[in-house]
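Structural characterization, general
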Amino acid sequence: MFTHFFEGFGSYILLLKKVFSKPEKPSLYYKQTVREIIALGFDSVGIITIISFFMGAAVGLQTAYNTENPIYPTYLIGLGTRDSMILEFSSSVAALILAGKVGSNIASEIGTMRITEQIDALEIMGVNSASYLILPKIIATLFFNPFLTLISIIMGISGGYIACTTLGGITSKDFVYGLQYAFVPFYITYSIIKTLFFAFIITSVSSYQGYYVSGGSLEVGRASTKAVVFSCLLILLFNVILTQLLLK
Amino acid sequence: MIRIKNLYKSFNGRIVLKDINVTFEPGKTNLIIGQSGSGKTVLLKTVVGLLEPDSGEIWFEETLFTKLSFTERKEIRKMIGMLFQGSALFDSLTVEQNVRFPLDMFTNKLMEEKTERVNFCLKRVNILNSNHLYPSELSGGMKKRVAIARAISLNPKYLFCDEPNSGLDPITAILIDELIKEITEEYNITTIVNTHDMNSVMEIGEKIVFISDGVIYWEGNKNEILNSDNEKLNDFVFANSLAKQLKMKS
């Protein structure tokens, strides 16, 4: 089992070495990156917006029900929603969702290219297929996922605000006061740093799973599942490591 | 010219190619024939560098390809065009973008020049008014022709075709064969075609290499193949009953 793990890790590192080698023609990579920003970034705005809105609403309502005690000031609901969204939900939970959407997309796209010999065709032409296919995806997600996190924070807090002021029995003024109370700007930086790590994990792990597929459609499906599972596990692991390192 | 010397290739201890020695000449359609699983595709993929040989030498003219590094091989690869069994067109690109891809990647030509070249290549393979179609919108024969257009867009010196007729009806298959032969002669390309289609052998087989169990058993041309007394070759060539009857009569 350990041999298998180290073999896999070794080939993952070798793939990254190929990915980050000098591009053949930077202008083509630029165009490809723009395409990936649209495919992997813009196309994820919808799902992130909807999920974050309802996540924020649920977090807000749960905080409201759990602090239904005269001892606790009602503005805590706003504060709790804000910090939950910024510290955890908009980075980690959104990353888990993106691992499902973007990760499976990347693994199946590259995997299908592998089994239909499109990657071989690139190699025959003398193109560094790993770099051409994977580098633009990594750059695109590193560039765009922080925006997705910011959108998620805004939508989550908005969801919490609407749910709590209409259903949770808190005034708009108290919720907004809670949002502003004891705000630590570094939390945003912390969230963005986590997002960058998670974006790299999702893209590189999923690409690796797709790139080394052999066989047919069944194997592409398996690679897609593995991409999501390994990305999620690594996201959760790095979530703990980064939290300990950054918030200590 | 491509020369292969003492080539061996194995997978997990199972030898797939044994002591392959052969020369493929320019301006000729060189055919590698043999049953499925005989090692044809492995040989082709080893020659183009998609697989590394265990030992042996592959020469492209006076360059020893097997000793070159990944970067050094790029220069040779720019001179190679390859037609894959499944065409291997890029799904996300249109016909025009597929054929233009090598030009975009390896030349600094103006867009007008590239478009002119793309249209020339597409016209050469008889694909007209389909520039903006995607591969999923093409028939099997059209995909093969677009793949040939892409393979010749950079004026290659070497053309490799892996089962160019698989999945095609007999008429389209003959058209593809003729196209490969014409292009080979027109541009004096060294062409290597992997096939188990006897129609192709009789149509375009100027040099034929018969491979079985990873060993070359016979070399010759389409005129010699019918009169060979090589038992393994005859089992392959006259496998169907019609061919057997014809052989008996002759």
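Figured I'd write up the structure that's included with this text. (Residues numbered from 1 in each chain as written. Chains lettered and ligands numbered in written order. Predicted model: local features only at pLDDT ≥ 70, side-chain atom pairs only at ≥ 80, totals over all residues.)

Observations regarding the overall build of chain B
Scanning chain B from terminus to terminus reveals ten helices and ten strands. Its C-alpha radius of gyration of 19 Å places chain B within 12% of the 18 Å reference for a compact globule of 250 residues. Projected onto its principal axes, the C-alpha positions of chain B cover 55 × 45 × 30 Å. Considering chain B as a whole, with its 250 residues, one finds that 42% of them fall into the buried category. For chain B, restricting intrachain contacts to residue pairs at least 6 apart in sequence, the fraction spanning at least 24 positions comes to 66%. (Helix = DSSP H or I, 4+ residues; strand = E, 2+ residues; numbered from the N terminus. Rg over C-alpha atoms; globule rule 2.2 N^0.38 Å. Buried ≥ 20, exposed ≤ 12 C-beta atoms within 10 Å, placed from the backbone. Contact = placed C-beta atoms within 7 Å.)

Here we look at the sheet that holds strand S2 (residues 14-24) of chain B
All names here are of chain B. Read from one edge of the open sheet, four strands run S2-S1-S4-S5, paired in antiparallel fashion. The open sheet has two edge strands with one neighbour each: S2 and strand S5 (63-64). Direction of pairing for strand S4 (residues 55-60) relative to S5: antiparallel, over a ladder of two bridges. In the sheet register, tryptophan 59 faces S5, and the bridge partner there is leucine 64. (Pairing = 2+ DSSP bridges.)

A closer look at the pairing of strand S6 (residues 80-83) of chain B
All names here are of chain B. Of the two faces of S6, the one lined by Ile80 and Met82 and the one lined by Gly81 and Leu83 are each fully buried. In terms of strand pairing, S6 meets strand S7 (residues 158-162) through four bridges, oriented parallel. Bridge pairing in S7 links methionine 82 to phenylalanine 160.

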